[in-house]
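A structural walkthrough
Letter by letter, the chains look like this.
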Amino acid sequence: MSNQYVISLLKKYTDWILQVNPQTYKEVIDDFFTYWPAHSAKLALLVKAGLSYKILDNANQTMPVFFRRFHLRHPSVA
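So, how was this worked out
- Residues numbered from 1 in each chain as written.
- Predicted model: local features only at pLDDT ≥ 70, side-chain atom pairs only at ≥ 80, totals over all residues.
- Heavy atoms only, no water.
- pLDDT = per-residue confidence, 0-100.
- Helix = DSSP H or I, 4+ residues; strand = E, 2+ residues; numbered from the N terminus.
- Polar contact = N/O pair within 3.5 Å; in protein donor to acceptor, adjacent residues only side chain to side chain.
- Buried < 20%, exposed > 50% of the residue type's maximum accessible area, 1.4 Å probe, protein only.
- Axes fitted to C-alpha atoms, helices over the stretch in contact; angles between N-to-C directions.
- Parallel < 35°, antiparallel > 145°, perpendicular 65-115°, else oblique.
- Left-handed = near helix turned anticlockwise from the far one by under 90°.
- Contact = heavy atoms within 4.5 Å.
- Core = buried A, V, L, I, M, F, W, Y, C linked by side-chain atoms within 4.5 Å.
- Expected span 1.5 Å × (residues − 1).
- Bend = angle between axes of the 7 residues up to and from the residue.

Let's talk about the confidence of the model for the protein chain
Caution applies to low-pLDDT parts of the model: their predicted coordinates are not meant to be read in detail. With 97% of its residues at a pLDDT of at least 70, the protein chain reaches an overall mean of 90. Mean pLDDT per element in the protein chain: helix 4 (residues 52-73) is the minimum at 90, and helix 2 (residues 25-35) is the maximum at 93.

Description of the side chain of His39
Counting through the fold element by element, His39 comes out in the loop between helix 2 and helix 3 (40-48). A distance of 3.4 Å separates the side chain of His39 from the side chain of Tyr35, its partner in a polar contact.

Remarks on unusual backbone geometry
Non-glycine residue Asn21 carries a positive phi angle of around 60°. Relative to the elements of secondary structure, Asn21 occurs in the loop between helix 1 (3-20) and helix 2. Its relative accessible area of 30% is what places Asn21 among the partly exposed residues.

Let's talk about the packing of helix 1 against helix 4
For any two helices packed against each other, one specifies the crossing angle of their axes together with the interaxial distance. Between helix 1 and helix 4, whose axes approach to 10 Å, the crossing angle comes to 25°. Classed by the angle they form, the pair helix 1 and helix 4 counts as roughly parallel. Pair helix 1 / helix 4 crosses with right-handed handedness. On helix 4, the residues touching Asn3, Val6, Ile7, Leu10, Tyr13, Thr14, Ile17 and Leu18 of helix 1 are Lys54, Ile55, Asn58, Ala59, Thr62, Met63, Phe66, Arg69 and Arg73.

Looking at the nonpolar core
Membership of the largest hydrophobic core comes to 16 residues, with the highest contact counts inside it found for Tyr13, Trp36 and Phe66. Of all the secondary-structure elements, those providing two or more residues to this core are helix 1, helix 2 and helix 4. Element by element, the count of residues in this core is highest for helix 1, at six residues. Beyond its immediate sequence surroundings of up to four residues, Phe66 is in contact with Thr14, Ile17, Leu18 and Val28.

Digging into helix 4
Taking 1.5 Å per residue as the helical rise, helix 4 with its 22 residues ought to reach 32 Å, and the 31 Å between its terminal C-alpha atoms agrees with that figure. Ala59 marks where helix 4 bends most, by close to 35°. If you check which residues of helix 4 are buried, you get Lys54, Asn58, Ala59, Thr62, Met63, Phe66 and Phe70. For helix 4, the secondary structure elements touched by its buried residues are helix 1 and helix 2.

Spelled out as structure tokens, the structure:
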């Protein structure tokens, strides 16, 4: 699995969570645990292939972008 595959997984997640439109950090966390169990087989393949670091590396790039977008939509959430 390539790096592009991991980027695609994370993009699908961030697109989905922005559609769900959580209003608080608690909802963001709840939604995180709602989304990823359905994708656990894909994540397990990455881990089994020794590529779990790609998940973390790409999440470290993707998630700050998500949180900036989240704060733009919900500036009162601190």
